[in-house]
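What the coordinates show
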Amino acid sequence: MATRKAARGKNGKTALVLGGGAPNATLMSGALVAFTEAGVEFDVISTAGAGALIGLLYVAPAQGTPIEALRRTVEMGVADAIYDHFPVNYKVFQKPGAVADLYRQLLAVNPLTRTLAAQHGDSAMERLFADWVRLLFASACPTDLGPNSLGLCASVPFLEETVDFAALKTVAPAFYINAYNLSERRMENFAKHQITADHCRAALAFPFLYPPYPIADPATGAEKFYYEGAAHDCLNFKALVEHEPKVERIVVFDVLGAEELMRTPRDLYDAWLLSIIVPLVEIARDDTKIFEAVHNADGRRQLFKVPFDIPTEHEVEALDWSRSNLETLFGVGYRSAQAYLAGDGRVLLP
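Overview of the structure. Here the structure is a predicted model, which is why all the values come from computation and not from measurement.

Before going further, it helps to examine the packing of helix H1 (residues 26–37) against helix H13 (residues 323–342). Interaxial distance between H1 and H13 falls to 7 Å at its minimum, and their mutual angle equals 40 degrees. Judged by the angle between their axes, H1 and H13 are oblique. The handedness of the crossing between H1 and H13 comes out as right-handed. Contact residues: H1 offers Thr-26, Leu-27, Ser-29, Gly-30, Ala-31, Val-33, Ala-34, Phe-35 and Glu-37, while H13 offers Leu-326, Leu-329, Phe-330, Val-332, Gly-333, Tyr-334, Ala-337, Gln-338 and Leu-341. Along the lines of polarity and charge, the residues of the contact of H1 with H13 split into 12 nonpolar, 5 polar and 1 charged.

The next point concerns the pattern of salt bridges. Applying the stated rule across the entire model yields 15 salt bridges. Salt-bridge contacts for Arg-71 lead to Glu-37; the nearest nitrogen and oxygen are separated by 3.2 Å. Residue Arg-71 is located in helix H3 (residues 66–71), and its partner Glu-37 is located in helix H1; the two are separated by 34 residues in the primary sequence. Given a relative accessible area of 38%, Arg-71 falls into the partly exposed group.

Of all 6 residues that make up strand E1 (residues 13–18), 6 are buried, and the element is covered over most of its length. Residues Lys-13, Ala-15 and Val-17 line one face of E1 and the alternating positions Thr-14, Leu-16 and Leu-18 line the opposite face, and both faces are buried. Note that E1 and strand E7 (residues 247–253) share 6 bridges and pair parallel. Counterpart to Lys-13 in the pairing with E7 is Val-247. For E1 and strand E2 (residues 44–47), the ladder comprises 4 bridges, and the chain directions are parallel. What sits directly across from Val-17, in E2, is Ser-46. As for the winding sense of the linkage, the β-α-β connection from E1 through H1 to E2 is right-handed.

Rules used throughout
- Residues numbered from 1 in each chain as written.
- Predicted model: local features only at pLDDT ≥ 70, side-chain atom pairs only at ≥ 80, totals over all residues.
- Heavy atoms only, no water.
- Axes fitted to C-alpha atoms, helices over the stretch in contact; angles between N-to-C directions.
- Helix = DSSP H or I, 4+ residues; strand = E, 2+ residues; numbered from the N terminus.
- Parallel < 35°, antiparallel > 145°, perpendicular 65-115°, else oblique.
- Left-handed = near helix turned anticlockwise from the far one by under 90°.
- Contact = heavy atoms within 4.5 Å.
- Nonpolar A, V, L, I, M, F, W, Y, C, P; charged D, E, K, R; others polar.
- Salt bridge = Lys/Arg side-chain N within 4 Å of Asp/Glu carboxyl O.
- Buried < 20%, exposed > 50% of the residue type's maximum accessible area, 1.4 Å probe, protein only.
- Pairing = 2+ DSSP bridges.
- Right-handed = clockwise from strand over helix to strand, strands pointing away.

What follows is the structure, given as structure tokens:
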């Protein structure tokens, strides 16, 4: 990716916007694979929330090619035989605390535990075994979680295994992630030359799930605390047009804009998931309206919003962390992007 030249539109730069939305992020990864296979490239990539991780896998994967890394996002899902009885994604959301961090480090350097937890093969039985072993390890993990904790989970401990932050600085497209600076009460954007694993963790620190993430000010050394930018600005339009005024074509992968996410919950746990997503759906809608009315009042920038056609019969499962759901959403994203590029989006093709 570092030597690849980003394709430019006839009328200026082309940007990709990846919004928030964690359980259905494989919609974005599937769509990005389709765009990549079609030869579509971008001058600028602007991300928020879960879109930051998908964008980083696209430009700077730690293992394999971007397409391989994006296809592996379905592995974040838990085998259905486990998820049906224990609907918690212990692979993504891990226990917090210094002892928990040490425990994970010991598991990572132990050849036996690494082999047992690794995913081998593509059969359902092999995936089930690997996920069962990971559940056993996750259950045995110690934690200091308590009433005074500031978040349920450790701050994305697997980041360095999946993203090459050194390579990010040399990729061709401009790259941004947003985060909300709690210390100064303002939105902040980080560019690729700044971004480390800490900045990404700050951009993913969703309230209650993760504690506010500290980053030292390079000038003063004082710590500033951050929450996920997508909780305040799901699509990061404002920063995009401010930092990249030459952008004239904007492709949006808005997984939160889907009406299908607004529904009646199945149970108490599902209601909690919806309590996170439903407000973000409205924020994403408002962000698009504000972009059109304020940041694109002159109509100079063309917006390409890729629609994701989630099957009606699958809507109730669209926020699940099951392997089957992530695979289904990946396929929906892939086919939706292909259809878009064959229709309204064909002007984006090289």
